[in-house]
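Topology and contacts: notes
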Amino acid sequence: MTELDKSASTSQLNESSSEAGSDPAFLSKSLSLPASYVDRIPKYLSSAVVIINGNVSAQDKENPGSVDSELVTPTSSVSESDESNGRGSPPPPGHINSQNYLTFTESSDALLSITELTEVISSCQESILKSEECSEERRWLVRRLIELRYRLAVAKETLNQENQSPISETRVLRGHHFSLQKRSVATAKAMKFCERCCRAIWTVLVSWYECLDCGYECHIKCIENTVRICANVKRAEKPQYETNICPETNLAEQNYKCAECKSTINFRSTWQEPRLCDYAGKYYCPLCHWNTMMVSPARVIHNWDFNAYPVCRASYQLLTLKLHKPLISLEKLNPRLFGLLDELGRIKKLREDILVLKRYLITCRIALEKNLAWKFCQKRRYFLEDADRYSLQDLIDIKNGALESILEGIHNNLTKHVKVDCEICRGRGYRCELCDNKTIIFPFDSGIDTCSKCKTAYHHKCWHGARECRKCERIRKWSVVSVDSDDS
């Protein structure tokens, strides 16, 4: 463009701006602008003309915000590097009087309604199509379009947030007791995934819901789509484990639908492939079955198989809740295991000895004051109730050898109190009446047998050589003498 053309263009723009300032109807007619824009144009148009021509007055230089802040470019601040790259340049002069190049500030863009922003975006798209390829004009138009679309997205998001009701701190849905978890840096150590949509939960940026009973986690937007019943409710309805190994049902019985969300599944689709749950024996879609590996209780009971198999998310949560619950009566379900595995026999003997020690402790004043029995069995208090029930975690610990060492520690601590520390408990020991050995013995000692009726302790060799318990014999004689005396 020659100097003569520049001066002519500038004079035309100045005339347009002066006419616009005096006659808003002229702008509405000549620029084809909406009526809501007319009152805003004169000030911004004149500022754009001044900057394009480079004619900045001394007053504007002292107060640069009076001009620069009014001119919106795709970047809110223009640095020297931006100018060199062309990113902070003002709008092309040829479009200074068009609807797409109204020089609004960022705050003015935010004041536009969603309808107005949509109209401006449409007009900007048309101008891009009409502009010359790879030109500075199209380059600026594209940047302006990106900025306008961003403003529109922010406006829509703000409107949605205003229309939404406040997020409830707690929700009860399908048995779940959801609690709103606030976003926090501390929760970002482990990646969390939504149980409904399988997408990541960015705990640093957003809040989410978590069930206080089963640990079900989901986005706030996904909570209404929850179809899974709380695993804690299922555990209350059916406390016992499934003892059949993978009771599989075919897809035809499920009508080729996921057992949980009822979405269509088939082996022909990679995205909707059926996945078999080894615990429930049903097929699930990939959203409900993440191939989470878990030990199957039925395989442990019948085959002593501790390999992990893929289970669905519902079964995983259910097994996790039952993991430490003593629900397995192993001797009733598979008694032959105790004859095949020596460690099971040792575990059973230790648990029986702990029950015998409990009888000493609950009658000892010192032990009750110190709460010794429950102190050492704090995490597995069912050890003080019976010797037959096991949890799935107990069986896993038996396999790796951890449970035997735990029971030995409990046994040694309780034995130390009865035989060494407490004189009251030590005075309740026995002497074998079948031999001349005067050593005090206890029913929980090794190599000791007890009478099934009166619980008197004897040495193992002495007991098997005797015909009858001496104490039971005395009791029977006393009962006969008392009956004769009553008759006389």
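Just so it is clear, the structure is predicted and the values come from calculations on it, not from any experiment.

**Side note on the overall build of the protein chain**
Each helix and strand in the protein chain was counted, giving 22 helices and 16 strands. Looking at the protein chain as shown, the accessible area adds up to about 28100 Å², and 51% of this sits on carbon and sulfur atoms.

**Section: the packing of helix 15 (residues 342–361) against helix 19 (residues 402–421)**
Contact geometry of helix 15 with helix 19 gives a least axis separation of 10 Å together with a crossing angle of 30 degrees. Judged on the interaxial angle alone, helix 19 and helix 15 are roughly parallel. Viewed along their axes, helix 15 and helix 19 form a crossing whose handedness is left-handed. Where helix 15 approaches helix 19, its residues Arg346, Ile347, Leu350, Arg351, Asp353, Ile354, Leu357, Tyr360 and Leu361 are matched on the opposing element by Leu403, Glu404, Leu407, Glu408, Ile410, His411, Leu414, Thr415, His417 and Val418. Residues that form the contact of helix 15 with helix 19 fall into these classes: eleven nonpolar, three polar and five charged.

**Section: the side chain of His176**
Position of His176 among the secondary structure elements: in strand 2 (residues 176–181). In this structure the side chain of His176 is engaged in a polar contact, spanning 3.5 Å, whose partner is the backbone nitrogen of Cys230. Excluding its chain neighbours within four sequence positions, the residues that come into contact with His176 are Arg171, Cys211, Cys214, Tyr216, Thr226, Arg228, Ile229 and Cys230.

**Some points on unusual backbone geometry**
With glycine set apart, most residues show a phi of negative sign, and most peptide bonds adopt trans. A positive phi is found at Cys198, a non-glycine position, where the angle reads about 70 degrees. Tracing the backbone shows Cys198 in the loop between strand 3 (192–193) and strand 4 (200–201). Of note in the backbone geometry, Asn371 takes a positive phi value of approximately 55 degrees without being a glycine. Following the sequence through the fold, Asn371 ends up in the loop between helix 16 (365–370) and helix 17 (372–376). Residue classification places Asn371 among the partly exposed positions, given a relative accessible area of 37%.

**A closer look at the sheet that holds strand 1 (residues 170–173)**
Spatially, 1-2-5-6 is the arrangement adopted by the four strands of the open sheet, whose pairing is antiparallel. If you trace the sheet from one side to the other, it starts and ends with strand 1 and strand 6 (217–219), each paired once. In this sheet, adjacent strand axes meet at a mean angle of 30 degrees when their direction is disregarded. Where strand 5 (residues 208–211) and strand 6 come together, three bridges link them in antiparallel fashion. Looking at the pairing, Tyr209 lines up with Cys218 of strand 6.

**Some points on a positive patch on the surface**
On the surface, Lys234, Lys257, Lys262 and Lys282 cluster together to form a positively charged patch. Mapped onto the secondary structure, Lys257 falls in the loop between helix 10 (231–237) and strand 7 (275–276).

About the cut-offs
- Residues numbered from 1 in each chain as written.
- Predicted model: local features only at pLDDT ≥ 70, side-chain atom pairs only at ≥ 80, totals over all residues.
- Heavy atoms only, no water.
- Helix = DSSP H or I, 4+ residues; strand = E, 2+ residues; numbered from the N terminus.
- Areas by Shrake-Rupley, 256 points an atom, 1.4 Å probe, with all protein chains shown as cover.
- Axes fitted to C-alpha atoms, helices over the stretch in contact; angles between N-to-C directions.
- Parallel < 35°, antiparallel > 145°, perpendicular 65-115°, else oblique.
- Left-handed = near helix turned anticlockwise from the far one by under 90°.
- Contact = heavy atoms within 4.5 Å.
- Nonpolar A, V, L, I, M, F, W, Y, C, P; charged D, E, K, R; others polar.
- Polar contact = N/O pair within 3.5 Å; in protein donor to acceptor, adjacent residues only side chain to side chain.
- Buried < 20%, exposed > 50% of the residue type's maximum accessible area, 1.4 Å probe, protein only.
- Pairing = 2+ DSSP bridges.
- Patch = residues over 30% accessible without salt bridge, like charges linked within 9 Å, V, L, I, M, F, W, Y side chains within 5 Å.
- Salt bridge = Lys/Arg side-chain N within 4 Å of Asp/Glu carboxyl O.
- Lys, Arg positive; Asp, Glu negative; His and termini not counted.
- Charge placed at Lys NZ, Arg CZ, Asp CG, Glu CD.

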